[in-house]
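Read off the chains here:
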Amino acid sequence: MGFTETGYAIEANVFTDAECDAILSNLASTIKRPGRAGTRHLLSNTAVATLARDSRLLAIAQANLGGPAIPFRATLLSKSADSNWLIAWHQDTALPLESRFEDSEWGPWTQKAGISYAHAPTWALSSILALRVHLDESNDRNGPLRAVPGSAAVGVMADDRVLEYAKAHTHVECLVPRGGVLAMRPLLIHASSKAQTDEPRRVLHIEYAMSLDLGTGIRSALA
């Protein structure tokens, strides 16, 4: 099955070891904070903003979105001996938005570091893609992402339905070499176990939209 059917795809050897080292060096002050599982709102970081617009990432995003690809959010996920965490089965449904509005399709709302977030409907999430740049190898020992192939096509589900669906369907481990990129739809049901090793697993999760305007009066915030 291809990306359209599975909701995810892995492309190896997108970045070299030297490029991964350079990215990690630029982010050193961020990722060395002990006990932090991740750092949000990194598009304001010049190095991350430049990487998000790298021609190789844009080509992957455009090919899988089938149109324009505009980066709008970046998050560093850092799993290590100091910060070893797990994430239960879920979908990524909350989007950063420039302002709050009243619409029964959107919500509930939350505030994260001064940015408004709302859980989005299926139609809005269908025009979004995440690219996960693996700055370390993701292997079966360091808590790789696990995914349920094909689940993105089902649409937004309630949390209890997500768990039921994951239990009833086969899941796979998304093993990605250093410098590789995992492309995934936000509605892909996924999870992550704790690492069984002290090896770090650092991933830069960058999200792209076909347009920042998601509807009349609805615009994605840059985060």
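Remember, it's a predicted structure, so these values are computed and weren't measured experimentally.

### Observations concerning the sheet that holds strand E10 (residues 172-174)
Working step 1: If you trace the four strands from one edge of the open sheet to the other, you get E4-E12-E9-E10, paired in antiparallel fashion. The outermost strands of the open sheet, each flanked by one partner alone, are strand E4 (87-90) and E10. The mean angle between the axes of side-by-side strands here comes to 25 degrees, regardless of whether they run parallel or antiparallel.
Working step 2: By the bridge criterion, three bridges tie strand E9 (residues 145-147) to E10 in an arrangement that is antiparallel. Each residue of the ladder has a partner; that of Ala-147, found in E10, is Val-172.

### Let's talk about the environment of Glu-137
Working step 1: Note on placement: Glu-137 falls in the loop between strand E8 (128-134) and E9.
Working step 2: When its relative accessible area of 44% is taken as the criterion, Glu-137 is described as partly exposed.
Working step 3: Considering only alpha carbons, one finds Glu-137 and Val-176, 39 residues apart in sequence, at a separation of 6.0 Å.
Working step 4: Beyond its immediate sequence surroundings of up to four residues, Glu-137 is in contact with Asn-142, Val-176, Pro-177, Arg-178, Pro-200 and Arg-201.
Working step 5: At 3.5 Å, the side chain of Glu-137 forms a polar contact with the side chain of Asn-139.

### Structural notes on the pairing of strand E6 (residues 109-112)
Working step 1: Across four bridges, the pairing between E6 and strand E7 (residues 115-119) is antiparallel. Of the residues in E7, the one forming a bridge with Gln-111 is Ser-116.

### Overview of the nonpolar core
Working step 1: Grouped together as the largest cluster of nonpolar side chains are 29 residues, with contacts concentrated most on Phe-15, Leu-57, Leu-131, Val-181, Leu-204, Ile-206 and Tyr-208.
Working step 2: Elements supplying a minimum of two residues to this core: helix H2 (17-26), helix H4 (46-52), helix H5 (55-65), strand E3 (70-79), E8, strand E11 (181-184) and strand E13 (201-209).
Working step 3: No other element matches the five residues that H5 contributes to this core.
Working step 4: One finds Leu-97, Trp-109, Leu-145 and Leu-182 within the second-largest nonpolar core, a separate group that totals 26 residues.

### Section: the sheet that holds E6
The strands that make up a sheet pair up through hydrogen bonds in the backbone, lying either parallel or antiparallel.
Working step 1: Across the sheet, which stays open at both edges, the three strands sit in the order E5-E7-E6 with antiparallel pairing between neighbours. Either end of the sheet is taken by a strand with one partner, and the two such strands are strand E5 (94-97) and E6. Ignoring which end each strand starts from, the neighbouring axes of this sheet average 35 degrees apart.
Working step 2: Of the pairings in the sheet, the one linking E5 to E7 comprises four bridges and is antiparallel in character. Looking at E7, one finds that Leu-95 is bridged to Ala-118.

Conventions used here
- Residues numbered from 1 in each chain as written.
- Predicted model: local features only at pLDDT ≥ 70, side-chain atom pairs only at ≥ 80, totals over all residues.
- Heavy atoms only, no water.
- Pairing = 2+ DSSP bridges.
- Helix = DSSP H or I, 4+ residues; strand = E, 2+ residues; numbered from the N terminus.
- Axes fitted to C-alpha atoms, helices over the stretch in contact; angles between N-to-C directions.
- Buried < 20%, exposed > 50% of the residue type's maximum accessible area, 1.4 Å probe, protein only.
- Contact = heavy atoms within 4.5 Å.
- Polar contact = N/O pair within 3.5 Å; in protein donor to acceptor, adjacent residues only side chain to side chain.
- Core = buried A, V, L, I, M, F, W, Y, C linked by side-chain atoms within 4.5 Å.

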